[in-house]
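# Descriptive structure summary
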Amino acid sequence: MSRPKEMTRAVIVGHKSILKDTIDSLHDTHLFHIEDFVEDESGFKISKPFKNAEEVSKKLVKIRSISNYLGIVKKEPVVQKTDSVLRDLDSKLDELDRAIATKTESIAQLENELKDLDSQKRELLPYLSINLDFDDYRGYESLKVFAGTIKGSLDGSQISSITKAYELYSDPQSKVVVLFVAKNDADRVYELLQSLGFRDLRVPERGGVPSELLRFIEQKEAEVTRKTESLRADIESLKVKYTDFILASDEVLSIESQKAELPLRIATSANTFIIEGWTPTENYDKVVSAVNSATNGKAYVTSLEIDEEEEEHVPVEYNNSKIAAPMQQIMDLYSRPKYTELDPSSVILITFPLMYGLILGDIGYAMILGAIALAIKKAVKSDAVKPLMDILIYCQVSTFIFGIIYGEFLGFSLASLHTAHGVVPGLIPGWETIVLFEGLGGEEFTFPVHRTHMVMTMIATTVIIGLLQLNLGFLLGFANISKHHGMKHAVLEKGSWLVIQLGVLVAAIGYLGGNSGLTYVGAGILVLGIVMLTMGEGIKGPIELPSLMGNALSYARIIAVGLSSIYIASTVNDIAFKMIWVDHSKISFLAVAAILVFILGHGLNSVLSIIAPGLHALRLQYVEFFGKFYEGGGRKYNPFGYIRKYTEE
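Residues numbered from 1 in each chain as written. Predicted model: local features only at pLDDT ≥ 70, side-chain atom pairs only at ≥ 80, totals over all residues. Heavy atoms only, no water.

## A look at the overall build of the chain
- When you go through the chain residue by residue, the secondary structure sums to 19 helices and 20 strands.
- Relative to a compact globule of 649 residues, whose C-alpha radius of gyration would be 26 Å, the chain shows 40 Å and is clearly more extended.
- Across its three principal directions, the C-alpha atoms of the chain cover 125 × 95 × 50 Å.
- A buried classification covers 42% of the 649 residues belonging to the chain. (Helix = DSSP H or I, 4+ residues; strand = E, 2+ residues; numbered from the N terminus. Rg over C-alpha atoms; globule rule 2.2 N^0.38 Å. Buried < 20%, exposed > 50% of the residue type's maximum accessible area, 1.4 Å probe, protein only.)

## What to know about the sheet that holds strand β8 (residues 199-200)
- The strand order across the open sheet formed by four strands is β6-β7-β5-β8, and the pairing between neighbours is antiparallel. Both edges of this open sheet fall to β6 (166-171) and β8, since each of them pairs with a single strand only.
- Pairing geometry for β6 and strand β7 (residues 176-182), over six bridges, is antiparallel. Counted as the bridge partner of Y166 is V181 from β7. (Pairing = 2+ DSSP bridges.)

## A look at the pairing of strand β17 (residues 434-438)
- Two elements, β17 and strand β18 (residues 444-447), share four bridges in a ladder whose sense is antiparallel. The residue bridging I434 from the neighbouring strand is F447, located in β18.
- Counted along the chain from β17 to the antiparallel partner β18, the turn is five residues long, and its residue G441 has a positive phi close to 60°.

## A short note on the packing of helix α10 (residues 345-360) against helix α12 (residues 385-406)
- Two numbers describe how α10 lies on α12: the axes approach to 7 Å, and their chain directions differ by 45°. For the element pair α10 / α12, the angle class is oblique. For α10 against α12, the interelement crossing comes out right-handed. Here L349, F352, P353, L354, Y356, G357, L358 and L360 of α10 lie close against α12, whose contacting residues are I391, L392, Y394, C395, Q396, S398, T399, F402 and Y406.
- Across the contact of α10 with α12, the residue classes tally to 13 nonpolar, four polar and no charged. (Axes fitted to C-alpha atoms, helices over the stretch in contact; angles between N-to-C directions. Parallel < 35°, antiparallel > 145°, perpendicular 65-115°, else oblique. Left-handed = near helix turned anticlockwise from the far one by under 90°. Contact = heavy atoms within 4.5 Å. Nonpolar A, V, L, I, M, F, W, Y, C, P; charged D, E, K, R; others polar.)

## What to know about the packing of α10 against helix α18 (residues 557-580)
- Following both chains from N to C, one finds α10 and α18 inclined at 45°, their axes separated by 7 Å at the closest point. In terms of orientation, α10 and α18 fall into the oblique class. Residues M355, L358, I359 and L360 of α10 pack against I558, V561, G562 and S565 of α18.
- Counted by class, the contact of α10 with α18 contains six nonpolar, two polar and no charged residues.

## With respect to the pattern of salt bridges
- Under the defined criterion, the tally for this structure stands at 30 salt bridges.
- Residues K59 and E55 are paired through a salt bridge, measuring 3.0 Å at the closest nitrogen-oxygen approach. A residue pair is termed a helical-turn pair when its members lie 3 or 4 positions apart in one helix, as K59 and E55 do in helix α2 (residues 53-70) at four residues.
- A salt bridge links E223 to K227; its shortest N-O distance comes to 3.6 Å. Highlighted residues: E223 and K227, both in helix α6 (residues 210-261), separated by four residues, approximately one helical turn. (Salt bridge = Lys/Arg side-chain N within 4 Å of Asp/Glu carboxyl O.)

## Comments concerning the side chain of D362
- With respect to the helices and strands, D362 occurs in the loop between α10 and α11 (363-379).
- R451 is the oppositely charged side chain nearest to the buried, salt-bridge-free D362, at an N-O distance of 6.1 Å.
- A polar atom in the side chain of D362 sits 2.8 Å from the backbone nitrogen of L410.
- Engagement of the side chain of D362 in a polar contact is seen with the backbone nitrogen of G411, the distance being 3.2 Å.
- When residues no more than four places from it in sequence are discounted, the contact partners of D362 are T399, G403, E408, F409, L410 and G411. (Lys, Arg positive; Asp, Glu negative; His and termini not counted. Polar contact = N/O pair within 3.5 Å; in protein donor to acceptor, adjacent residues only side chain to side chain.)

## Regarding unusual backbone geometry
- A cis amide bond, omega -5°, links F447 with the succeeding residue P448.
- When you line up the elements, P448 lands in the loop between β18 and α13 (455-485).
- Look at H30: it is not a glycine, yet its phi comes out positive at around 55°.
- Considering the arrangement of structural elements, one finds H30 in the loop between α1 (19-29) and β2 (33-34).
- In the Ramachandran plot, N296 falls in the positive-phi region, its phi being about 55° despite a non-glycine side chain.
- Secondary-structure assignment places N296 in the loop between α7 (284-295) and β11 (300-304).
- The class for N296 is exposed, based on a relative accessible area of 66%.

See the structure below:
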């Protein structure tokens, strides 16, 4: 159990002429958490950013826009010198910007051309079966040309009843008709066409036979597509060529932007500046040394006292071992501890995997999920993923241990069990279940623990485990309160809960043992505890008494969720093996299907074995355990600086 790192509040004062050197030194140390200045009546004002801020910001926007367009992703770093990147930045950025702008403009023109060609193609398609040159559709003084589609059918006899002078071209399948008639007969012919649901089709303006024009357009489309693909390949080659430059430039410009805009966060007057912030006490001397070295001792750096009110707002940096560090992800998901609180990361390093293992407790699933976690940790380089995989590995170690205690492998029992209905065989020949002592409700407590045959005993066991963790929470709360409010408050607020439980325990022992005197002693202790709780927490304390039992009973979910996993695995096993041995003697043709059922069923249960035990184990920490001692709400320690990956000084 640890507390957050001890922090020192520091203030840096100096003449504006050394402001840039001071900022550079603080940025390079990456140890100083800067507090944003809020203007007040002191006469100090927020300053303006450095002159290069606007130029740096424009370049950063441009480089990120290019990066987004090219689809640049983080990769294994190729470290470059900052001076080299800055020296080539303008020329390379302009060169890259021009190249991309030229090629994207060409691609846009080609895509517009493709759209135009596609539009022309759609105009041609209805006329393919009527292979007339489009010039034949126009230029007549005495003829009217109807081109369109009809819903009904049109033949020569219908038109002959109106006029003998006509020329009809039609496609019965597409219902396209092209009809040439004398202008004198056009109105009556149009009425006929209207009765057949006639709709005009646009006649392409260019001349030529539809089939030849279509062939030309398709050739043109292929040519334009090739040009577009060539340009896209050129852009892809630009991406390969400039990826390292873009990543390094983004990093350098981000750093320069941070430095240039810092004056917007600090207090300044006409000639001086004040930078206030926090640093871990162990690093205070490093900060002082770095600032003095950068400014030749011209800056004044001093530490300030932290009063009680300020303690609530001190930024928090974890102080855990490498093993416990992954559990900080679980803490941040809930809330970072306050500076004045105990950090429970090292406690949940034990309790969270313990609850997870108690729920799942299967050697087979532990091996599967452990292998998956190791593979993901090795394959994925993300700093956000690795701690999660470490947590999953911790949980599988616990699951493996409880898998031995439970004697379970993918829902199979490893040890044989003698019951009133006969012998239930185990996977390991010769491993017999040993009866240790009598459990509840006529059950027997055995090794290995057969959860499905001792449900009542396991419910009682998990409730006892819950009470132990809840009392650990009370003890941690006792430590928190005694440090900041004194022993009296700690005894009344948290110690009273321990006294109440002791009273209930003594009274129960006396009642069950037939010792009335012990029962009265227990009742007296209970009343004393309630009085202490009322003095410590007011009327709210006694009202919350029933919640203690509710919290303890909540731990019964350990056996409930665990049994659900067992029954899913057992059901998959039963289905698969019944499909293989339908008559219990011969392997049937369903063997392949049975193998698939086995793999898919246990695959699904493996996924559920991450989600269900994880969520319920997490809930027991957040709701039941943390509720007894933990407040949270701490601010993250966020030092001014940048973690470089692609550049170095």
